[in-house]
Amino acid sequence: MDAPRDTGSVTTQSDNDVVQWLTNDTRDERFIDNIFAEMCMRLQRAGIPVKRATLHVLIHHPQWLGARMMWADGMREAEIARVDYDVRERSEYIGSSANEIQDGAAEVRENLEQDRSLGRKHALYDEMREKGLTDYVAWPLYHTLGKRHIVTFATDRPGGFDDAHIASLKGLLPVLALVSEIRVKNRLARTLLETYVGSHAGELILAGATRRGSGTTVRAAIMICDLRDFTRISDSWPRDDVIDLLNDYFDAMSEPIARHGGEILKFIGDGMLAIFPLSQPQACANLLHAVTEAQQAMSALNVRNRDIGRAPMNYGIGVHVGDVMYGNIGSRTRLDFTVIGPAVNMASRLEALTKQLGKTVLLSRAFADLVEHDFALEHVGEYEVRGFSEPIELFAYNG
């Protein structure tokens, strides 16, 4: 059902109702976009003629500077759009209200009914005029320690917002700032955990799995990847080129793993540890699909590197399957959420053997038994593996 529309002036009691709701009745709502949409509908019911509203927050995700939540009349939920780091160099930002607010403006107000030649010159205002909006206001939303976010409101009421409407909207800002800051910080905490330990481990940590030694035994396919000749590259290449190379390499390897349900637990220099829990259907097949796509991405990356005069990157991947201990390990004050156990050691040894045997991907017999009917594998033979008493039967996978 569309939100009701009321173009009259807000009453003090209705204004208080929205403030009271924000203060007391949103504690069980996890997401700020849901709170923001509900707030806008409540404002309409209170008599404030809000037709469109946006909330812009800086989140500093590794890929995104922030997010914009946009609500319009009739919407039950706000639309969320991610904002790139380079947005400040684009026309959509330059000269916008967000630009003015971030440059220090305490308020941006635009009369959309006046001759457009007399107003601010930006595509945003032209778009709002075309939608029949008559008035627009933007304010900074202050969080602690000087953090500034942005909230905007627009109306299609003839004559725009009146003084009582503006006073009521401004009166909401301190409470909206508190409510939004809690959710933004929660999202930031979740983002940081997802970024540095992975989504699954992050969920466990947020759920309270923070005690040293806590963990569980998981049966999983384990994948360890390592870049070849990295020491030589890091000694001879410029620092920024080395960082770019590593980032490109990890993108090529990591994105297919995430697409196919794997969990990247650790980057160690130029190495990477990932698992595919066998609780997932087709976990081992998914691992090899991820390897195939990673090899294709690495081939494309090597073509680009060749075109700019760089040598191709070589790598090795070791794959095994078995039980691992998955949990918190470390000192009293510094923990690492990772996996340990003989199965992890085996995957590491197989990765090291790839260079000796001239194979890019080596699989153990235990892993091969689970996928050999669906994938073409090359039998390599039995080899001594350091740390294990019996020779291990190995297979190569060529994608």
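Quick caveat: nothing in here was measured; it's all calculated off a predicted structure.

Enquirer: Explain the packing of helix H8 (residues 239-259) against helix H9 (residues 283-307) to me, please; I cannot follow it from the model alone.
Expert: The description of two helices packed together rests on the angle between their axes and the distance between the axes. Running from amino to carboxyl end, H8 crosses H9 at an angle of 155 degrees, the nearest separation of the two axes being 8 Å. On the basis of the axis angle, H8 is roughly antiparallel to H9. The interaxial crossing formed by H8 with H9 has right-handed handedness. Facing H8, whose interface residues are Asp248, Tyr249, Ala252, Met253, Pro256, Ile257 and Arg259, H9 presents Ala290, Glu293, Ala294, Ala297, Met298 and Leu301.

Enquirer: Before we go on, may I ask you to explain the sheet that holds strand S1 (residues 52-58) in this structure?
Expert: The pairing of strands in a sheet comes from backbone hydrogen bonds and takes either a parallel or an antiparallel form. Overall, antiparallel pairing links the six strands, which are arranged S3-S2-S1-S6-S5-S4 in an open sheet. Each edge of the open sheet carries a strand with a single partner, namely strand S3 (79-83) and strand S4 (108-111). Each strand axis lies, on average, 15 degrees off the axis of its neighbour in the sheet, ignoring direction. Two strands pair when backbone bridges link them, and S1 and strand S6 (residues 148-155) are joined in this way by five bridges, in the antiparallel orientation. Each bridged residue has a counterpart across the sheet, and for Leu55 the counterpart in S6 is Val151.

Enquirer: Explanation requested: the environment of Gly330 in the structure shown.
Expert: Position of Gly330 among the secondary structure elements: in strand S10 (residues 315-330). The contacts of Gly330, once residues within four sequence positions are left out, are Arg212 and Leu335.

Enquirer: Please explain the environment of Arg30 as it appears in this structure.
Expert: The topology assignment puts Arg30 in the loop between helix H1 (12-24) and helix H2 (32-45). Contacts of Arg30, omitting those with residues within four sequence positions, involve Arg183 and Arg190.

Enquirer: Got a minute to help me understand the packing of aromatic side chains in this structure?
Expert: Aromatic rings considered in pairs are described by the distance between their centres and by the relative angle of their planes. If you walk through the whole model with that rule in mind, you get five aromatic pairs. For the ring pair Tyr125 and Tyr136, a centre distance of 5.7 Å and an interplane angle of 80 degrees mean the geometry is edge-to-face. In this pair, Tyr125 sits in helix H4 (residues 123-130) while Tyr136 sits in strand S5 (residues 135-142), placing the two residues 11 residues apart along the sequence. With respect to class, Tyr125 is no different from Tyr136; both count as buried. Among the aromatic residues, ring-to-ring pairing joins Tyr249, Phe250 and Phe267 into one connected group.

Rules and cut-offs
- Residues numbered from 1 in each chain as written.
- Predicted model: local features only at pLDDT ≥ 70, side-chain atom pairs only at ≥ 80, totals over all residues.
- Heavy atoms only, no water.
- Axes fitted to C-alpha atoms, helices over the stretch in contact; angles between N-to-C directions.
- Helix = DSSP H or I, 4+ residues; strand = E, 2+ residues; numbered from the N terminus.
- Parallel < 35°, antiparallel > 145°, perpendicular 65-115°, else oblique.
- Left-handed = near helix turned anticlockwise from the far one by under 90°.
- Contact = heavy atoms within 4.5 Å.
- Pairing = 2+ DSSP bridges.
- Phe/Tyr/Trp six-rings, centres within 6.5 Å; stacked < 30°, edge-to-face > 60°.
- Buried < 20%, exposed > 50% of the residue type's maximum accessible area, 1.4 Å probe, protein only.

Purely spatial values, then, with no claim about function.
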